[in-house]
Amino acid sequence: MAPCPACSHDVPTPIFLNLDAWRHLVCPHCKARLEMKPLRSFVLGPLMVPMFLLARRSRVLEVSAFVFMFVTIFLLLLESFHPKVRLRTKPLPKPTIRLDIDGPSK
Ligand SMILES: [Zn+2]
């Protein structure tokens, strides 16, 4: 559950990996289209590379690189289980190929 930025009611959020559900997420109270806020802990990811390069130099840096890695993973998991939503401002991208799974018998 995440508060809707438009009407501040709780919106049931799909799980983090269900990207299709996120794409069509609409607030059930005010019909505002919503999207997931980018996870802030993702910015920590690229920092891991220099940390592990430095880790070869000394024991202390090695330990701190591992601690940093676990903290990053923990924050990512924490944020993905409690995603925040914001109003979707961009229009939905038009699908280039339309799948007609149900067939013409609609
Ligand atoms: Zn709402």
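Here the structure is a predicted model, which is why all the values come from computation and not from measurement. (Residues numbered from 1 in each chain as written. Predicted model: local features only at pLDDT ≥ 70, side-chain atom pairs only at ≥ 80, totals over all residues. Heavy atoms only, no water.)

Enquirer: So what's going on with the packing of aromatic side chains? Which residues, and what values?
Expert: Under the criterion given, the structure shown has one aromatic pair. Consider the rings of Phe-52 and Phe-66, whose centres lie 5.4 Å apart with planes at 85 degrees: the pair is edge-to-face. Here Phe-52, found in helix α2 (residues 48-54), pairs with Phe-66, found in helix α3 (residues 59-81); they are 14 residues apart in sequence, far enough to count as distant. The class of Phe-66 is partly exposed, set by a relative accessible area of 37%. (Phe/Tyr/Trp six-rings, centres within 6.5 Å; stacked < 30°, edge-to-face > 60°. Helix = DSSP H or I, 4+ residues; strand = E, 2+ residues; numbered from the N terminus. Buried < 20%, exposed > 50% of the residue type's maximum accessible area, 1.4 Å probe, protein only.)

Enquirer: Break down the coordination of the zinc ion for me, with residues and values.
Expert: Distances from the zinc ion to its protein donors, namely Cys-4 (SG), Cys-7 (SG), Cys-27 (SG) and Cys-30 (SG), fall within the range 2.2 to 2.3 Å. Taken together, the four donor atoms coordinating the zinc ion span angles of 106 to 112 degrees at the metal, a pattern that classifies the geometry as tetrahedral. Between consecutive donor residues of the zinc ion, the sequence gaps follow C-x2-C-x19-C-x2-C. In this pair, Cys-7 is assigned in the loop between β1 (2-3) and β2 (10-11) and Cys-30 in the loop between α1 (19-23) and β3 (34-36), connecting sequence segments 23 residues apart. For Cys-30, a relative accessible area of 33% gives the class partly exposed. (Donors = N, O, S within 2.8 Å, 3.2 Å for Na, K, Ca; no water. Tetrahedral: all angles 85-135°; square planar, octahedral: opposite > 155°, others 65-115°.)

Enquirer: I'd like a rundown of α3, residues and numbers included.
Expert: With 23 residues, α3 extends 33 Å between its outermost C-alpha atoms, agreeing within 8% with the 33 Å of an ideal straight helix rising 1.5 Å per residue. Those residues of α3 that are buried are in contact with α2. (Expected span 1.5 Å × (residues − 1). Contact = heavy atoms within 4.5 Å.)

Enquirer: Account for the pattern of salt bridges, naming residues and giving values.
Expert: In the structure shown here, the tally under the stated rule is five salt bridges. Arg-86 serves as the salt-bridge partner of Glu-35, at 2.9 Å between the closest nitrogen and oxygen. Remark: Arg-86 occurs in strand β4 (residues 85-87) and Glu-35 occurs in strand β3; sequence separation between them is 51 residues. Judged by its relative accessible area of 10%, Glu-35 is buried. Glu-62 serves as the salt-bridge partner of Arg-59, at 3.3 Å between the closest nitrogen and oxygen. A residue pair is termed a helical-turn pair when its members lie 3 or 4 positions apart in one helix, as Arg-59 and Glu-62 do in helix α3 at three residues. On the basis of relative accessibility, which here comes to 62%, the residue Arg-59 falls in the exposed class. By relative accessible area, Glu-62 is classed as partly exposed at 30%. Several salt bridges share partner residues, and in doing so they unite Glu-35, Arg-86 and Arg-88 into one network. (Salt bridge = Lys/Arg side-chain N within 4 Å of Asp/Glu carboxyl O.)

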